[in-house]
Amino acid sequence: MADTCKYIFVTGGVTSSLGKGIISASLAKLLQARGYSITIQKFDPYINVDPGTLNPYEHGECYVTEDGAETDLDLGHYERFLNSPTSQANNVTTGRIYSNVIDKERRGDYLGKTVQVVPHITNEIKRRVKLLGKTGNFDFVITEIGGTVGDIESLPYIEAVRQLRWELENRAMVIHLTLIPYLRAAGELKTKPTQHSVKELLSSGIQPDVLVCRTEHTLTDDIRRKLALFCNMKIDSVIESIDADTIYDVPILMQKEGLDNVVLRRFELPTNNNPDLKKWKAFLHNLKNPEKEIELCLVGKYVELPDSYKSILEALTHASSDQKTKVNINLIHSENITSKNIDALLKNANAVLVAPGFGERGIEGKIEAVKYAREKKIPFLGICLGMQCAVIEFARNVLGLEDAHSAEFKSSSAHPVIDLMEEQKNISDKGGTMRLGAYECELQNNSPVSKVYGSNTIVERHRHRFEFNNAYLDDFNKGGMTTPGRNPDSELVEIIEIENHPWFIGVQFHPEYKSTVAAPHPLFVNFVAAAANHKKATSK
Ligand code: GLN
């Protein structure tokens, strides 16, 4: 099929963390709201084959797609904004590119040739850029180039973009996202760093078509003119991206600045129909006009870097809008929790969420938090490791199995109530080897959780090596912990609940990955509703 797809490249200048992902997702949203089909992909210039082996402190959360790819957290934004799934093809790293080229070299595909960065690495980058476009499924593909222009690591990507712009002619454009710093002492916005970063791009042979300028203050006409003059572009191609209250404001702000119009004009497409943002605006309206307020404690060990819990925080935002309930999130470091201070830490909580994680640090604090939520009948949601902690806590304190633990933390435990999955036992490689991606789960008829979902079969995404140990299934069920969600093929327990508790659910999967603006996840929606009920019932 002839490739008629249009390619939009998004590069970054001056500094990292400007929010290329949000700008890309916002532009995509505006184009989607005009009826175009669109996808976004991210190219990351590091040598890890995927971010699955990275500590969350490095790059925040690892986002898992339906097909089980461990990807950059920006893919979460793409899905949340567009409400359409991404896949392995949407996230490519330098490691993956090199690994592919080296595999080909070993197979003899380049026989006789010296394999080089240009053209072999750049060709592989170009092939991957066009992979999604060539499916014929998309009118536009936005490619976000990670890192900052001028970085050594980014050079092959910038060179590939230069070549593609040339080859694709009027089917490609470049948006450069940059920072306009404000110097308080001088009381001025400064354009020089942007001028330099555009010069850097120009020295690589790329003239950006649009400049998106992150700023804390409104860009005056003078500043816009100056930027246009020095960066060789029309003034309407200089787009202001002012700090917003929420990332979900950004599509609206970009529309006001005319980013979608500039892009459409660049591709000679009509601009007379307006994007349909009714639902998006209703979402924002509800988010900003809550009628209730709850206190939620999120217990985790990476709380210094909230990006580690990005999808959970966003899923709570979606639920907050759906329920018109302001969710005040208190991030609590599990390492700091003891049986002595737990009451002081959680006494105001209307909901307790114990987060996913790997490794033993902070485990006992998480178990303490589960115990508190169980005993005080506070709505509880345990995700992945959070569910495993709920199982351990129940075994120790209700079933009386004192030594109960997860084999991840104590292989000699007399009661490994959480154990390594059978298929994991012979795996030694760490990268891409967990139980990953979407699996079906069957829910017990009429169980509370089946009512939450409104269905008896669900599909959720996973990322773990350990599991509920089915040797203890009867003990738990008899003791009052039910297991209403099971995998139909493997019989693995995917969900636990506690009887005699208003809302206590643990899930072995990650529901947060599937929550979007258009479809807030039912578990989070219901959890927030339960928290509001808890508040009502406990406040006089
Ligand atoms: N460490 C646990 C496991 O591997 C939980 C993983 C998680 O929370 N994502 O099973």
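Heads up: these notes are all about the structure in this document. (Residues numbered from 1 in each chain as written. Predicted model: local features only at pLDDT ≥ 70, side-chain atom pairs only at ≥ 80, totals over all residues. Heavy atoms only, no water.)

Focus on unusual backbone geometry
Let me state the cut-off plainly: Secondary structure elements follow DSSP: runs of H or I of four or more residues count as helices, runs of E of two or more count as strands, with numbering from the N terminus. Buried means the residue's accessible area, taken with a 1.4 Å probe over protein chains only, is under 20% of the maximum for its type, while exposed means over 50%, and partly exposed covers the values in between.
Between Val-118 and the following residue, Pro-119, the backbone shows a cis peptide bond with an omega angle of 10°. For Pro-119, the position within the fold is in helix H5 (residues 117-133). The backbone phi angle of Cys-384 is positive, close to 55°, even though this residue is not glycine. The residue Cys-384 is located in the loop between strand S15 (380-383) and helix H15 (385-397) in this model. Assessed through its relative accessible area of 5%, Cys-384 is described here as buried.

Digging into the sheet that holds strand S1 (residues 6-12)
Our working definition: A strand pair is defined by DSSP finding two or more bridges across the two strands. Lines fitted to C-alpha atoms define the axes here, with helix axes fitted over just the stretch in contact, and angles between the N-to-C directions of these axes take values from 0 to 180 degrees. Residues are treated as being in contact if the distance between any of their heavy atoms lies within 4.5 Å.
Strand order in the open sheet made by the 7 strands is S5-S2-S6-S1-S7-S10-S11, with parallel pairing throughout. Each having just a single partner strand, strand S5 (91-93) and strand S11 (238-242) make up the two edges of the open sheet. In this sheet, neighbouring strand axes are inclined to one another by 20° on average, regardless of whether the strands run parallel or antiparallel. Two elements, strand S2 (residues 38-44) and S5, share 3 bridges in a ladder whose sense is parallel. Within the sheet, the bridge partner assigned to Phe-43 lies in S5 and is Val-92. Across the sheet, helix H1 (residues 20-32) is in contact with S1, S2, strand S6 (140-145), strand S7 (172-179), strand S10 (210-215) and S11; its angle to S6 comes to roughly 170°. Most of the contacts of helix H3 (residues 74-82) go to S2, to which it runs at about 170°, and overall it touches S2, S5 and S6.

Remarks on the site of the ligand
Note the following rule: Here a residue is near a molecule or strand as soon as one of its heavy atoms is found within 4 Å of it. Pairs of N or O atoms within 3.5 Å make up the polar contacts considered here, provided that, within protein, one atom can donate a hydrogen while the other can accept it, and that residues adjacent in sequence are counted only when both atoms are side-chain atoms. Working definition of accessibility: Shrake-Rupley area with a 1.4 Å probe, residue cover restricted to the visible protein chains.
In the neighbourhood of the ligand, the contacting residues comprise Pro-356, Gly-357, Phe-358, Cys-384, Leu-385, Gln-388, Glu-408, Arg-463, His-464, Arg-465, Phe-466 and His-510. In the model, an oxygen atom of the ligand is placed 2.9 Å from a nitrogen or oxygen of the Gly-357 main chain. Side-chain polar atom of Glu-408 to a nitrogen atom of the ligand: 2.8 Å apart, as the coordinates give it. Considering the ligand on its own, with 300 Å² of exposed area, one finds that the protein chains cover 99% of that surface.

Concerning the pattern of salt bridges
Stated precisely, the cut-off is as follows: By salt bridge we mean one thing: a side-chain nitrogen of Lys or Arg within 4 Å of a carboxyl oxygen of Asp or Glu.
Counted under the stated rule, the structure contains 39 salt bridges. Taking the shortest distance from any N to any O, the salt bridge between Arg-165 and Asp-209 comes out at 2.8 Å. With Arg-165 in helix H6 (residues 155-168) and Asp-209 in the loop between helix H7 (192-203) and S10, the pair connects residues that are 44 residues apart, well separated along the chain. Across the pair, exposure class does not vary: Arg-165 and Asp-209 are buried alike. Look at the salt bridges and you will find they share partners, linking Lys-42, Asp-44, Asp-72, Asp-74 and Glu-144 into a network.

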